[in-house]
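Residue-level structural notes
Letter by letter, the chains look like this.
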Amino acid sequence: MLDWDNVRVFLELTRSAGLVDAAKKMGIDHSTVSRRMRKFEEQVGTQLFDRNYVGYQLTPEGHRLMEYAETMESTVFAATEELGEHNRLLSGQVRLGATEGFGAIVLAPHLAQFCGRYPHISVDLIAVPRFVSLSKREADVAISIERPLSGPYVVTKLSDYRLKLYATPGYLARHAPITSVAQLAQHPIIGYVDDLVFSSELRYMDNVAPDSLRAFRSTSVIAQYHAARAGQALAILPCFVAQQSNELVPVLDGEIDLLRAFWMISPSERRNIARVSALWNYLRTAIDLNHAYLMGETAAPSWPS
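Residues numbered from 1 in each chain as written. Predicted model: local features only at pLDDT ≥ 70, side-chain atom pairs only at ≥ 80, totals over all residues. Heavy atoms only, no water.

Looking at where Leu 283 falls in the secondary structure, it is placed in helix 11 (residues 274-289). Leu 283 sits 176 residues away from Leu 107 along the chain, and the two C-alpha atoms are 8.4 Å apart. The residues touching Leu 283, leaving out its near neighbours within four places in the chain, are Leu 96, Leu 107, Leu 111, Ile 143, Leu 158 and Met 264. (Helix = DSSP H or I, 4+ residues; strand = E, 2+ residues; numbered from the N terminus. Contact = heavy atoms within 4.5 Å.)

Written out as structure tokens, the structure reads:
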């Protein structure tokens, strides 16, 4: 029989940056984590980690055990929620992960309204330029630009959104009129750092203007937006980001018109917890109301009544 406390330490170590990081998160000494993992390996009868200068790396046996450990964790979590009746109470903490631009510009104002409507629910918004890991318990709900292909998740499509090529009127006034995609090869374009792009959905330049001059690059779409406003280069931006400013106007409007989608995802065992369900349903309503806003057809967001 596996010791649940050791399973918890094992899972935390697999999800942390190293021994010291795992120990801090669990509020114990790092030597205790090391000792308990040695004991745990003796208990299961195999080596779970390779210990080297990089840190603790899972062995193939460790990867196999992790699947069982996560199932145990989900079962314990669900039982605790049900027996404690937390799943029927509109209170507690919900953690929401989202892409940076969507999280900061679209979700944050709506989450402020949600918290006003449900004062006993606290929401942590993780708005980052990467995927938020549900398997590592980084969030209860995630909004992603990619639909997961497998896993114990509940998934719904939130909305499509549109991206266009933008520049400032000042930039356009200083250059000859841009009348074709081929002419973009003569202009600097702001974009993502190629080797740090976290999704193929963000590789716009490969299809739109592969021969263009690469100007400022950033992993942050918010940084790209502010760089574009400086008026020294073009940028492909989501309409809901670009329309935050009157300083940006579409270029080759109607010709460069990219569509992407947002997906909302939650682990199956958490989806029906009341506070998670309340946030899920609120976001469905809020984003449905803002479809035209995300498509660049209106300049102002709408709010659930």
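That was the structure; now back to the text.
Our next topic: the pattern of salt bridges. Taken as a whole and assessed by the stated rule, the structure comprises 15 salt bridges. A salt bridge links Glu 138 to Arg 130; the shortest N-O distance between them is 3.2 Å. In this structure, Asp 194 and Arg 217 form a salt bridge, with 3.4 Å as the shortest nitrogen-oxygen distance. Remark: Arg 217 occurs in strand 8 (residues 213-217) and Asp 194 occurs in the loop between strand 7 (188-191) and helix 7 (205-208); sequence separation between them is 23 residues. Residue Asp 194 is classed as partly exposed on the basis of its relative accessible area, which comes to 35%. Classification of Arg 217 by relative accessible area gives partly exposed; the value is 39%. Put simply, Arg 162, Asp 257 and Glu 297 are held in one network by salt bridges that share partners. (Salt bridge = Lys/Arg side-chain N within 4 Å of Asp/Glu carboxyl O. Buried < 20%, exposed > 50% of the residue type's maximum accessible area, 1.4 Å probe, protein only.)

The next point concerns the side chain of Arg 271. Here Arg 271 is to be found in helix 10 (residues 268-271). Side-chain polar atoms of Arg 271 contact the side chain of Ser 277, separated by 3.3 Å. If we ignore the near neighbours within four places in the chain, the residues touching Arg 271 are Val 154, Ser 266, Val 276, Ser 277, Trp 280 and Asn 281. (Polar contact = N/O pair within 3.5 Å; in protein donor to acceptor, adjacent residues only side chain to side chain.)

Note on interface size: it is often stated as the accessible area lost on association of the parts. Segmenting the chain into domains produces domain 1 (4-83), domain 2 (86-159 + 261-295) and domain 3 (161-259). Computed from C-alpha coordinates alone, the two centres of domain 2 and domain 3 are separated by 28 Å. Of the roughly 1,600 Å² buried between domain 2 and domain 3 on both sides combined, carbon and sulfur atoms contribute 66%. The three residues of domain 2 that bury the most area against domain 3 are Ile 105, Ile 145 and Met 295, which together make up 34% of that side's buried surface. On inspection of domain 2 and its partner domain 3, the count reaches 0 salt bridges. Of all elements in the fold, only helix 5 (100-117), strand 11 (258-267) and helix 12 (291-294) reach the threshold of two or more residues within the side of domain 2 that touches domain 3. In terms of residue count, the dominant contributor to the side of domain 2 that touches domain 3 is helix 5 (5 residues). (Domains from an automatic or database assignment. Buried area = accessible area lost by both parts, 1.4 Å probe.)

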